[in-house]
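Structural description and commentary
The primary structure of each chain is shown beneath.
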Amino acid sequence: MSISLRNVRKDYDQQTKVLESVSAEVQTGEFFVIVGPSGCGKSTLLRMVAGLTPITDGEVRINNQVVNELPPKARKLTMVFQNYALYPFLSVWDNVAFGLKARKLSQSDIQHRVDNALKMVSLSDLSKRKPRELSGGQRQRVALARAVASDADICLMDEPLSNLDAQLRIKMRQEIYNLQRKLGLTLIYVTHDQVEAMTMADHIMVLNDQHVQQIGTPSEIYQHPANEFVAQFFGTPQINILPAKRSTQNNHILTFATNNMQVALNEEIPIDSLRIGVRPDELTVARAESVDSNAVVKNTEFLGNETIIYATLNSGDDVRAVLPGQVSFRGYEPIKIGIGSHLLFFDNDGKQIALTKEEAVHA
Ligand code: ADP
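Model, not experiment: these values are computed from the prediction.

Glancing now at the side chain of Thr44. Mapping Thr44 onto the fold places it in helix H1 (residues 42–50). What makes Thr44 buried here is its relative accessible area of 9%. Among the polar contacts made by the side chain of Thr44, one reaches the side chain of Tyr12 at a distance of 2.9 Å. With near-sequence residues (within four places) excluded, Thr44 lies in contact with Lys10, Tyr12, Val18 and Leu19.

Every residue near the ligand is listed here: Tyr12, Thr16, Val18, Pro37, Ser38, Gly39, Cys40, Gly41, Lys42, Ser43 and Thr44. Contact distances for the ligand include 3.3 Å between a nitrogen atom and a side-chain N or O atom of Tyr12. The element that contributes the greatest number of residues to the shell around the ligand is H1, accounting for three residues. Along the lines of polarity and charge, the residues of the shell around the ligand split into four nonpolar, six polar and one charged.

Where helix H4 (residues 136–150) contacts helix H5 (residues 166–183), the axes come no closer than 11 Å and their chain directions differ by 15 degrees. Overall, the two elements H4 and H5 adopt an arrangement that is roughly parallel. For the pair H4 and H5, the sense of crossing is right-handed. Residues Gly136, Gly137, Gln140, Arg141, Leu144 and Val148 of H4 lie in contact with H5, whose contacting residues are Leu168, Lys171, Met172, Glu175, Ile176, Leu179 and Leu183. In terms of residue class, the contact of H4 with H5 is made up of seven nonpolar, three polar and three charged.

Attention now moves to the packing of aromatic side chains. In this description, an aromatic ring pair is defined by two values, namely the gap between the centres and the angle between the planes. Applying the stated criterion to the full structure yields five aromatic pairs. When the centroid spacing of 4.4 Å and the interplanar angle of 40 degrees are considered together, the rings of Tyr87 and Phe98 count as tilted. Remark: Phe98 occurs in helix H2 (residues 92–102) and Tyr87 occurs in the loop between strand E6 (77–80) and H2; sequence separation between them is 11 residues. Accessibility expressed as a relative area gives 40% for Phe98, which makes it partly exposed. Residue placement shows Lys10 over the ring face of Tyr12; its charged tip is 5.0 Å from the ring centre. Here the guanidinium or amino end of Arg279 rests over the ring plane of Tyr222, the centre of that ring lying 3.9 Å away.

A few words now on the domain arrangement of the chain. If you check the domain split of the chain, you get domain 1 (3–226) and domain 2 (236–362). With centres defined by C-alpha atoms, the gap from domain 1 to domain 2 works out at 40 Å. Facing the six residues of domain 1 at the interface are six residues of domain 2. Summing both partners gives a buried area of about 480 Å² for domain 1 against domain 2, and 37% of it is carried by carbon and sulfur. The largest share of the area that domain 1 buries against domain 2 comes from Tyr222, Pro225 and Ala226, three residues that together contribute 72% of it. Taken together, domain 1 and domain 2 are joined by zero salt bridges.

At a minimum axis separation of 10 Å, H2 and helix H3 (residues 107–120) run at an interaxial angle of 130 degrees. One element, H2, and the other, H3, form an angle in the oblique class. Crossing handedness for the pair H2 and H3: right-handed. For the pair H2 and H3, the contacting residues are Val92, Trp93, Val96, Ala97, Leu100 and Lys101 in the first and Ile110, Gln111, Arg113, Val114, Asp115, Ala117 and Leu118 in the second. Across the contact of H2 with H3, the residue classes break down as nine nonpolar, one polar and three charged.

This brings us to the sheet that holds strand E20 (residues 344–346). Adjacent strands of a sheet form backbone hydrogen bonds with each other and so pair up, either parallel or antiparallel. Taken together, six strands build an open sheet; the order of strands is E13-E12-E11-E14-E20-E21 and the sheet is antiparallel. The sheet is open, and its two edges are formed by strand E13 (261–264) and strand E21 (352–353), each paired on a single side.

The next thing to look at is the pattern of salt bridges. The tally for this structure, following the rule as stated, stands at 15 salt bridges. We note a salt bridge from Lys17 to Asp11, for which the minimum N-O separation is 3.7 Å. Residue class for Asp11 comes out buried when judged on its relative accessible area of 14%. A salt bridge links Arg181 to Asp202; its shortest N-O distance comes to 2.7 Å. Here Asp202 lies in the loop between helix H6 (194–200) and strand E9 (203–208) and Arg181 lies in helix H5, a separation of 21 residues in the sequence. Of the residues examined, Asp202 reaches a relative accessible area of 25% and is grouped as partly exposed. Within the structure, one salt-bridge network assembled from shared partners comprises Arg9, Asp11, Lys17 and Asp57.

A few words now on empty space enclosed by the protein. Applying the stated criterion to the full structure yields one cavity of 30 Å³ or more. As a volume, the largest cavity reaches approximately 70 Å³. Lining the largest cavity are Thr78, Leu144, Ala147, Val148, Cys155, Met157, Ile176, Leu179, Gln180, Leu185 and Leu187. Contributions of two or more residues to the lining of the largest cavity are made by H4, strand E7 (154–158) and H5. Among the residues forming the lining of the largest cavity, the class breakdown is nine nonpolar, two polar and no charged.

Rules behind the numbers
- Residues numbered from 1 in each chain as written.
- Predicted model: local features only at pLDDT ≥ 70, side-chain atom pairs only at ≥ 80, totals over all residues.
- Heavy atoms only, no water.
- Helix = DSSP H or I, 4+ residues; strand = E, 2+ residues; numbered from the N terminus.
- Buried < 20%, exposed > 50% of the residue type's maximum accessible area, 1.4 Å probe, protein only.
- Polar contact = N/O pair within 3.5 Å; in protein donor to acceptor, adjacent residues only side chain to side chain.
- Contact = heavy atoms within 4.5 Å.
- Near = heavy atom within 4 Å.
- Nonpolar A, V, L, I, M, F, W, Y, C, P; charged D, E, K, R; others polar.
- Axes fitted to C-alpha atoms, helices over the stretch in contact; angles between N-to-C directions.
- Parallel < 35°, antiparallel > 145°, perpendicular 65-115°, else oblique.
- Left-handed = near helix turned anticlockwise from the far one by under 90°.
- Phe/Tyr/Trp six-rings, centres within 6.5 Å; stacked < 30°, edge-to-face > 60°.
- Lys NZ or Arg CZ within 6 Å of the ring centre and 35° of its normal.
- Domains from an automatic or database assignment.
- Buried area = accessible area lost by both parts, 1.4 Å probe.
- Salt bridge = Lys/Arg side-chain N within 4 Å of Asp/Glu carboxyl O.
- Pairing = 2+ DSSP bridges.
- 1 Å grid on protein atoms, 1.4 Å probe; cavity = no way out; pocket = protein on both sides within 12 Å on 5 of 7 lines; lining within 4 Å.
- Points joined across faces, edges and corners; volume = space filled by probe spheres on them.

Encoded structure:
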């Protein structure tokens with residue numbers, strides 16, 4: 001079951017315009033993640049696919065049929081929400097069976113589907129318990145079992161893990177991923193968490209500011225972000241963005257950090273000033289005498305397998321660097337920061353421009 005969005009718009013009213021010209025193709029059996037900051041319209045978009053919220057303009061297609069006017073039930077999909085809304089007085093088994101009974105399936109069909117779904121999410125032993133006798137993760141699995149039992153080809157999930165603690169989230173992330181693969185579900189999954197998006201998605205749609213910022217595989221989004229917003233949304237610590245100018249002597253050379261750092265590019269730089277994006281693990285950090293230094297350390301954070309160094313360049317720009325292992329620096333220690341070869345470049349509107357750094361380092 002494929003899903004297609006074509007120029008979808010949503011205005012709740014004149015003041016609340018949430019989404020504009022959202023287009024995307026979700027292929028059959030794909031794990032498709034919609035990610036973006038809180039309030040950007042992710043839930044709204046998912047609810048429009050489900051048929052729970054009317055669309056203002058555009059088309060939603062399921063298997064190439066326009067479903068704009070179809071009620072939720074007729075769309076043959078299931079939803080798993082953040083607050084998984086279990087019936088407190090029903091057992092786990094009956095909670096999973098509830099939707100099936102409403103569909104008037106035969107008793108033996110219901111029995112088979114519920115047993116199977118509970119087995120799939122490893123809850124067979126707890127089928128007689130009430131929701132209050134379960135942990136948060138187990139409750140979330142009941143909600144998943146409901147989706148599995150419904151046997152719909154399309155499943156929509158809205159932040160299903162946001163109520164769980166960090167360790168359980170990682171575990172459930174893997175379970176949802178495995179389930180999706182095993183059942184061949186077409187899954188649209190909404191989250192504000194970039195790590196969930198990166199680890200589970202076949203394709204990610206990044207939403208912000210009413211618009212689709214980019215759709216791509218996790219590696220496309222990380223390696224080739226369409227703009228500064230996408231570059232900053234993915235990766236922890238955040239990518240460094242540094243203002244730079246084209247050298248007046250040589251139009252292949254960019255200077256930044258008050259002219260004391262330079263990179264040479266393979267191609268002519270098309271604009272006077274731009275912004276360089278460099279991931280924290282692409283920066284090098286060396287101890288330096290004051291005269292050779294281009295930055296001072298502000299503070300460091302040791303995370304066990306790596307150290308984050310927060311520093312201020314002589315220009316006043318703050319940067320973050322990540323070094324493997326444990327590295328200690330004194331506060332205000334002078335250092336020399338160098339930049340690696342994987343750089344991104346953005347114009348003054350934040351759009352990525354394709355430029356590459358020359359192999360030989362001039363800095
Ligand atoms: P997200 O899921 O990305 O956090 P939502 O889709 O929930 O974002 O909300 C997007 C915007 O639409 C928000 O500004 C929110 O306040 C607004 N909104 C959501 N639902 C309604 C509604 N039923 N009526 C009016 N405005 C709404």
